[in-house]
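Chain by chain, the residues run as shown.
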Amino acid sequence: MSAHPVIRYRGLYKAFDLPVLRGIDLDIQAGEMFGLFGASGAGKSVLLKTTIGLIVPDRGDVEVDGASVFFGGRKALRRIRDRVGYVFQHAALFDSLNVFENVETGLPLRRLRSMSRNQIARLVWQALERVLLDPREVMSKIPSELSGGMKKRVGIARAIVGGPDILLWDEPTTGLDPVNTAGVQRQIRRLSRELDVTSVIVTHDIEGGLEMCDRVAMLEGGELRFLGTPTAFRISTDPLVRAFVDRAAAEAAVDLVATT
């Protein structure tokens, strides 16, 4: 892991009816796996979406390798988005497109225009194989013909098909049973290592996030309540952090009973 920030959040403030982000300052180091924890409505997904300009903050900026997301202009934003793969919550596949077409949409438009259909097909095939799906079996299926776990994998394939440097994971295990959750977490670890990417993971699965990540942060009321290593998170004496750790332990115990 390189010792320099690849993503920098600076003074991010965002309100809808109420403030969601209250002046977030945070650096994500190149090559690390970084986890974002917090209760529902704490601002985790909002923060993640600002990384590629899907949500525009009221104040502040995000920089990706020194390029400004909000003040660098359209060309800079397009270059940033070309470098980032986004795994959406609930996979967010296009219902009317088959698996091949869904994964193909993950390729940057400027590359699509210069590639042959055979080149595109090879990249889609490789992306599906990387997420442990058989391309011959799934390429022509539409999302309604896939299981929940398969939809998640297709969403991941779409995020990695363009060879990103950064992967953003928005609640990647939401809605999955414990077995599929464990499978997706293994894929996150494996792909982050094999693709040599920087990963930022928003997750409600505290225990899984602590096992995967190099550092974690906890958002509370739109502010950073904790920032540090998983070990420091586990032994923190902050009462809100302790509540999260204790809840994670309780949920892990329940999952263990459910799978035995």
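Since the model is a prediction, treat every value here as computed from it, not as a measurement.

Reading the values: the criteria
Residues numbered from 1 in each chain as written. Predicted model: local features only at pLDDT ≥ 70, side-chain atom pairs only at ≥ 80, totals over all residues. Heavy atoms only, no water. Helix = DSSP H or I, 4+ residues; strand = E, 2+ residues; numbered from the N terminus. Rg over C-alpha atoms; globule rule 2.2 N^0.38 Å. Buried < 20%, exposed > 50% of the residue type's maximum accessible area, 1.4 Å probe, protein only. Contact = heavy atoms within 4.5 Å. Areas by Shrake-Rupley, 256 points an atom, 1.4 Å probe, with all protein chains shown as cover. Lys, Arg positive; Asp, Glu negative; His and termini not counted. Charge placed at Lys NZ, Arg CZ, Asp CG, Glu CD. Phe/Tyr/Trp six-rings, centres within 6.5 Å; stacked < 30°, edge-to-face > 60°. Core = buried A, V, L, I, M, F, W, Y, C linked by side-chain atoms within 4.5 Å.

Novice: Before we go on, may I ask you to explain the overall build of the protein chain in this structure?
Specialist: Scanning the protein chain from terminus to terminus reveals 11 helices and 10 strands. For 260 residues, the compact-globule estimate of 2.2 N^0.38 gives 18 Å, and the C-alpha radius of gyration of the protein chain, at 18 Å, lies within 12% of that figure. C-alpha atoms of the protein chain, sized along the principal axes, occupy 55 × 55 × 40 Å. Burial status across the protein chain gives 49% buried among its 260 residues. Put simply, of all contacts in the protein chain between residues at least 6 apart along the chain, 64% involve residues at least 24 apart. When the accessible surface of the protein chain is totalled, it reaches about 12500 Å², and 51% of it is carbon and sulfur. If you average the places of the 34 positive and of the 32 negative side-chain charges in the protein chain, the two averages end up 6 Å apart.

Novice: Would you explain the packing of aromatic side chains in this entry?
Specialist: Aromatic ring pairs: the centre-centre distance and the angle between the two ring planes describe each pair. Applying the stated criterion across every chain yields a total of 3 aromatic pairs. Each ring, one from phenylalanine 37 and one from phenylalanine 233, has its centre 5.4 Å from the other, and the planes form 65°; the classification is edge-to-face. Remark: phenylalanine 233 occurs in helix H10 (residues 230-235) and phenylalanine 37 occurs in strand E3 (residues 33-38); sequence separation between them is 196 residues. Neither residue differs from the other here; phenylalanine 37 and phenylalanine 233 are each classed as buried. Aromatic side chains phenylalanine 226 and phenylalanine 233 sit 5.1 Å apart centroid to centroid with 80° between the ring planes, which places their arrangement in the edge-to-face category. For the pair formed by phenylalanine 226 and phenylalanine 233, the shared burial category is buried.

Novice: Is there a simple way to explain the nonpolar core in this structure?
Specialist: Nonpolar side chains in soluble globular proteins generally cluster together in the buried interior. Counting 45 residues, the largest nonpolar core has Val103, Val124, Leu128, Ile156, Trp169 and Phe233 as its most contacted members. Beyond its immediate chain neighbours, meaning those up to four positions away, isoleucine 156 contacts Val87, Val131, Trp169, Val184, Gln187 and Leu191.

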